Amino acid sequence: MAQDPESFTETSAGTALRRGWTTGACAAAAARAAFSGLVSGAFPDPVTVRLPRERAPAFALAAQARGDGWARAGVIKDAGDDPDVTHGALVSVTARPGAPGGGVRLRAGPGVGTVRRSGLPVAAGEPAINPGPRGYIEQGIREAAAELSVPADVTLEVAIEDGERLAAQTLNPRLGIEGGLSVLGTTGVLVPFSCAAWIDAIQRGIDVARAAGLGHVAGSTGRTSEQAVQAYHGLPDEALIDMGDFVGGMVKYLRRHPVPRITIAGGLAKITKLAQGFLDVHSRRGQADLTALAETAAQLGADAACQEGIATANTVAEAFDLAQAADLPLGDAVAREAQRTALALVDPAASEVEVLIFDRRGQPVGRAGWARH
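These figures come from a predicted structure and were not determined experimentally.

Calculation rules
- Residues numbered from 1 in each chain as written.
- Predicted model: local features only at pLDDT ≥ 70, side-chain atom pairs only at ≥ 80, totals over all residues.
- Heavy atoms only, no water.
- Helix = DSSP H or I, 4+ residues; strand = E, 2+ residues; numbered from the N terminus.
- Buried < 20%, exposed > 50% of the residue type's maximum accessible area, 1.4 Å probe, protein only.
- Contact = heavy atoms within 4.5 Å.
- Core = buried A, V, L, I, M, F, W, Y, C linked by side-chain atoms within 4.5 Å.
- Salt bridge = Lys/Arg side-chain N within 4 Å of Asp/Glu carboxyl O.
- Pairing = 2+ DSSP bridges.
- Axes fitted to C-alpha atoms, helices over the stretch in contact; angles between N-to-C directions.
- Parallel < 35°, antiparallel > 145°, perpendicular 65-115°, else oblique.
- Left-handed = near helix turned anticlockwise from the far one by under 90°.
- Nonpolar A, V, L, I, M, F, W, Y, C, P; charged D, E, K, R; others polar.
- Phe/Tyr/Trp six-rings, centres within 6.5 Å; stacked < 30°, edge-to-face > 60°.
- Lys NZ or Arg CZ within 6 Å of the ring centre and 35° of its normal.

K.L.:
Describe the side chain of Thr272, with residues and values.
P.N.:
Checked against the element boundaries, Thr272 lands in helix α8 (residues 268-275). Residue classification places Thr272 among the buried positions, given a relative accessible area of 1%. With residues up to four places along the chain from it excluded, the contact list for Thr272 reads Ala288, Leu293, Val316, Phe320 and Val334.

What follows is the structure in structure tokens.
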């Protein structure tokens, strides 16, 4: 558990949510304590680390040990109110003497993955410790070395308890990170339900697909649509982008980092919202406009009763059921409107876009075929 003088909560939907600390922040604290234990024989507890944005939290040690030529310290990860899979896990670092002049060397211990594909911020063959955490881990070691009047030459093996099992619940296997979790955290602070974290994962997925030379990626709003679009096109896992609600975030990144073919796949409600101009299709951003959906149905020949039923439906799914009963291709029309929204954001010289709509059973109910702006 780390202590910090500022109030570490933030408000979401009227509820105070407690922030937490990233694996990178925990690793930095454990690394500094382990280095001090290796050099001086004494482990600072709590151990203070300096993070970006002038933060200097103090972390209590959950584990410490020394042996011949090594010292180990561990910190329990506190993710605050974020549903992070590593909440409560022990993040530990084992420090060993490094080669003179070699500086700080990082190694992947049990539960920390190794990068096996290109396209990520860390080179293939390196431990999956992102540049942000690398920076403040190394900074903490240099500061501790200066205080102890010794060279900052050390090998640090970073481990995360049960990390290999937990990694199966993340995107790491798809991104080509083997053997465990990534050590993440640009600022060291874990913001509950962070949009930035999800968008970063979207971007890394696109980077990996491009580095693999794939010419087609598919962004999906959920697991059902992801499985359906993979089966529809026979795509490899590397081509699948879990965009969730952040359609705009994915498409805007693809404008700057294009691939030739982009499929947007999702359920009825979320693709209807995209068709109506929403780029973040989460429910907190508003609901689909059923009156506008009824107007789309009218353009397809819906009679007055059908239009009224769609406009007053309880859900988008009910509205689509009414259109289907009237034999109206509402799914295709909505897909075309969603496609227009997306096409306005991509580079027409570099990419074409397809939109697929699936129902809750993963059955296709609408398609807008490949097109450019």
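K.L.:
Give a detailed account of the nonpolar core, specifying residues and quantitative values.
P.N.:
General note: in soluble globular proteins, nonpolar side chains tend to be found buried as a group. Ranked by internal contacts, the top residues of the largest apolar core, which has 46 residues, are Met250, Ile264 and Leu293. Considering each element in turn, this core owes the most residues, six residues, to helix α12 (residues 330-343). Not counting the four nearest positions on each side in its chain, Met250 is found in contact with Ile202, Ile206, Gly219, Ile241, Met243, Ile262 and Ile264. Residues Ala34, Phe43, Ile160 and Leu166 belong to the second largest nonpolar core, which totals 44 residues.

K.L.:
I'd like a rundown of the pattern of salt bridges, residues and numbers included.
P.N.:
Scanning all chains against the criterion turns up 17 salt bridges. Notably, a salt bridge pairs Arg117 with Glu238, separated by 2.9 Å at the nearest N-O pair. Linking Arg117 in the loop between β12 (114-115) and α2 (131-148) with Glu238 in the loop between α6 (223-233) and β18 (240-242), this pair joins segments that are 121 residues apart in sequence. Among the residues examined, Arg117 registers a relative accessible area of 26% and is labelled partly exposed. We classify Glu238 as partly exposed; its relative accessible area is 22%. Here Arg204 and Asp207 are joined by a salt bridge, their closest N and O atoms 2.9 Å apart. Taken together, the residues span about one helical turn, with Arg204 and Asp207 both in helix α5 (residues 195-211) at a distance of three residues. The two residues Arg204 and Asp207 agree in class, both being buried. A network of salt bridges, in which partner residues are shared, links Arg32, Arg50, Glu143 and Glu147.

K.L.:
Lay out the pairing of strand β13 (residues 154-160) in plain terms, naming residues and giving numbers.
P.N.:
Burial analysis of β13 places five of its seven residues in the buried class, the great majority of the element. Summarising the sheet, strand β9 (residues 90-97) and β13 pair through seven bridges and their orientation is antiparallel. Residue pairing for β13: Thr94 is matched across the bridge by Glu157. One ladder, built from five bridges, connects strand β10 (residues 104-108) with β13; its direction is parallel. In the sheet register, Leu106 faces β13, and the bridge partner there is Leu156.

K.L.:
Requested: an account of the environment of Thr114, with residues and values cited.
P.N.:
Structurally, Thr114 can be placed in strand β12. Taking the relative accessible area as the measure of exposure, Thr114 reaches 15% and is therefore buried. Once the C-alpha coordinates of Thr114 and Val47 are considered, the two residues, 67 residues apart in sequence, prove to be 27 Å apart. Once residues lying within four places of it in the same chain are set aside, the contact partners of Thr114 are Ala108, Gly125, Glu126, Pro127, Ala128, Gly176, Ile177 and Glu178.

K.L.:
Quick rundown of the packing of helix α1 (residues 23-40) against α2? Include the residues and the values.
P.N.:
In the contact formed by α1 and α2, the axes pass within 9 Å of each other and the chain directions differ by 25 degrees. Between α1 and α2, the angle falls in the class roughly parallel. For the pair α1 and α2, the sense of crossing is right-handed. Contacts between α1 and α2 pair Gly24, Ala25, Ala27, Ala28, Ala31, Arg32, Phe35, Ser36, Val39 and Ser40 from the former with Pro133, Tyr136, Ile137, Gly140, Ile141, Glu143, Ala144, Ala145, Glu147 and Leu148 from the latter. Of the residues that constitute the contact of α1 with α2, the class distribution is 13 nonpolar, four polar and three charged.

K.L.:
Account for the sheet that holds strand β19 (residues 261-266), with residues named and values stated.
P.N.:
Reading across from one edge, β18-β17-β19-β20-β21 is the order of the five strands in this open sheet, with mixed pairing throughout. In this open sheet, the two strands that pair with only one neighbour each are β18 and β21 (364-371). Averaged over all pairs of adjacent strands, the angle between their axes in this sheet comes to 15 degrees, without regard to strand direction. Taken strand by strand, α5 contacts β17 (216-220) and β18, and its axis lies near 170 degrees from that of β18. Those strands touched by α12 are β19, β20 (352-358) and β21, and its axis lies near 40 degrees from that of β21.

K.L.:
Can you lay out the packing of aromatic side chains for me, pointing to particular residues and giving the numbers?
P.N.:
Summed over all chains, the structure comprises two aromatic pairs. Over the face of the ring belonging to Phe278 we find Lys273, whose NZ or CZ atom lies 4.8 Å from the ring centre.

K.L.:
Tell me about the side chain of Ser92, residues and numbers included.
P.N.:
Relative to the helices and strands, Ser92 is located in strand β9. A relative accessible area of 12% means that Ser92 is categorised as buried. Not counting chain neighbours up to four residues away, the residues in contact with Ser92 comprise Ala30, Arg72, Ala73, Gly74, Glu157, Val158 and Ala159.

K.L.:
Go over the sheet that holds strand β8 (residues 70-76) with me, naming the residues and quoting the values.
P.N.:
Each strand in a sheet pairs with another by means of backbone hydrogen bonds, the pair being arranged parallel or else antiparallel. Spatially, β7-β8-β9-β13-β10 is the arrangement adopted by the five strands of the open sheet, whose pairing is mixed. The outermost strands of the open sheet, each flanked by one partner alone, are β7 (63-67) and β10. In this sheet, neighbouring strand axes are inclined to one another by 20 degrees on average, regardless of whether the strands run parallel or antiparallel. Strands in contact with α1 are β7, β8, β9 and β13; relative to β9, the strand with the most contacts, it is inclined by about 35 degrees.

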